[in-house]
Amino acid sequence: MMKTLVGATVGLGAMAVATSAFAADLPMKKGPYTKAPPAVMATVYDWSGFYVGFNAGGGSSRDCWNLISNAGVAVNPAANREGCSGGGGAAVGGQVGYRYQMANWVFGVEAQGDWANFKGTNRNLILPNVSDRSQTNGFGLFTGQVGYAFDNILGYVKGGAAVVGDRYDTFNTNTNVMLDRANTTRWGATVGAGIEYGFAPNWSVGVEYDHIFLGNKNLNFVAAAGAPAMTHRINQNVDIGLVKLNYKFGPGFGMMR
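Naming follows an unreviewed UniProt entry, where the protein appears as Outer membrane beta-barrel protein of Bradyrhizobium ontarionense. You can read under Subcellular location (unreviewed entry) in the UniProt record for the protein the words "Cell outer membrane".

**Overview of the overall build of the protein**
When helices and strands are counted, the protein shows 1 helix and 11 strands. The order of helices and strands in the protein, counted from the N terminus, is α-β-β-β-β-β-β-β-β-β-β-β. A burial count over the protein gives 37% of its 257 residues as buried. Pairs at least 24 residues apart make up 69% of the contacts formed inside the protein by residues separated by at least 6 positions. Accessible area of the protein: about 14,300 Å², with a carbon and sulfur share of 66%.

**Side note on the pairing of strand β8 (residues 178-200)**
With 19 bridges joining them, strand β7 (residues 153-172) and β8 adopt antiparallel strand pairing. Note on β8: the bridge partner recorded for Leu-154 is Glu-196.

**Things to note about the state of the cysteines**
Applying the stated criterion to the full structure yields 1 disulfide. Bridging Cys-64 to Cys-84, the disulfide has an S-S length of 2.0 Å. Residues Cys-64 and Cys-84 are joined through a disulfide that is right-handed, its torsion about the S-S bond being 110°. Of this pair, Cys-64 sits in strand β2 (residues 49-70) while Cys-84 sits in strand β4 (residues 81-102), and the two are 20 residues apart along the sequence.

**Thoughts on the nonpolar core**
Ala-91, Ala-116, Phe-118, Phe-139, Leu-141, Ala-162, Val-164, Ile-212, Leu-214, Val-238, Ile-240 and Leu-242 form the largest nonpolar core, which has 12 residues in total. Elements with a contribution of two residues or more to this core: β5 (105-123), β6 (130-150), β7, β9 (203-223) and β10 (228-248). Counting residues per element, this core draws most heavily on β10, which supplies 3 residues.

**A closer look at the side chain of Lys-244**
Within the secondary structure, Lys-244 is located in strand β10. Here Glu-110 takes part through its side chain, which lies 2.8 Å from a polar atom of the side chain of Lys-244.

**As for the packing of aromatic side chains**
For the structure on display, the rule yields 10 aromatic pairs. Relative to Phe-249, the ring of Tyr-247 has its centre 5.3 Å away and its plane inclined at 85°; by these criteria the two rings are edge-to-face. Accessibility expressed as a relative area gives 29% for Tyr-247, which makes it partly exposed. Cluster of aromatic residues (ring-pair linked, three or more members): Trp-65, Tyr-168 and Phe-221. We note Arg-99 situated over the ring of Tyr-51; from NZ or CZ to the ring centre the distance is 4.7 Å. A cation over an aromatic ring shows up here: Arg-99 above the ring of Tyr-156, its NZ or CZ 5.7 Å from the ring centre.

Conventions used here
Residues numbered from 1 in each chain as written. Predicted model: local features only at pLDDT ≥ 70, side-chain atom pairs only at ≥ 80, totals over all residues. Heavy atoms only, no water. UniProt positions renumbered as here; feature names shortened; annotations may be inferred. Helix = DSSP H or I, 4+ residues; strand = E, 2+ residues; numbered from the N terminus. Buried < 20%, exposed > 50% of the residue type's maximum accessible area, 1.4 Å probe, protein only. Contact = heavy atoms within 4.5 Å. Areas by Shrake-Rupley, 256 points an atom, 1.4 Å probe, with all protein chains shown as cover. Pairing = 2+ DSSP bridges. Disulfide = S-S within 2.5 Å. Core = buried A, V, L, I, M, F, W, Y, C linked by side-chain atoms within 4.5 Å. Polar contact = N/O pair within 3.5 Å; in protein donor to acceptor, adjacent residues only side chain to side chain. Phe/Tyr/Trp six-rings, centres within 6.5 Å; stacked < 30°, edge-to-face > 60°. Lys NZ or Arg CZ within 6 Å of the ring centre and 35° of its normal.

Quick look at the structure:
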């Protein structure tokens, strides 16, 4: 019995070794090949690059007059406030600029020039038969921008220098005959804000508000015949609202992981 059990055990062991060796010699079964998923890439709007554009809208200019001298005779400006006019009208022009985007932050510079027709008239408070007329014929803005982009939506603030072209005149209220006039170019500062929407790879449209600070300026008026007349100190501020359409050169979309 003992010999029989030993023989059976040895036989089972030999069979197990042989089976393992046979299995090792069999080729490995290949399963289906699965391709690794591609890296996730997001397409985002790219605000970087040079751009040119067109703008249109309107604005108003508030001009407050003080009489400084009358025919060369000095007067006290504090006692000779002539009143203020708030003239409004249309504006149309163009802009050119460059923007650089870093993550969601967008930095830029822009130059803008517009024709304007902001005109207003007020009755002179110290000369009852005289009216004062103020007219802004154009303006230019030279600004830096800082903005934050939500993909193809950009909000920004801006600030810099401004220049305006003005015409002033006085006329007889009853007869409408011009008495004297002055033309001037004034420099000042500007601040503004806007929001822009990229509706195509290279096109964007937006709205913008700008305020121009021009302070006081003494202007020597001349009569119709060219003779020196009154001198007025005029304080001016301008408010502008515009719709802008821009075309950006270069790709409008970029890839970001």
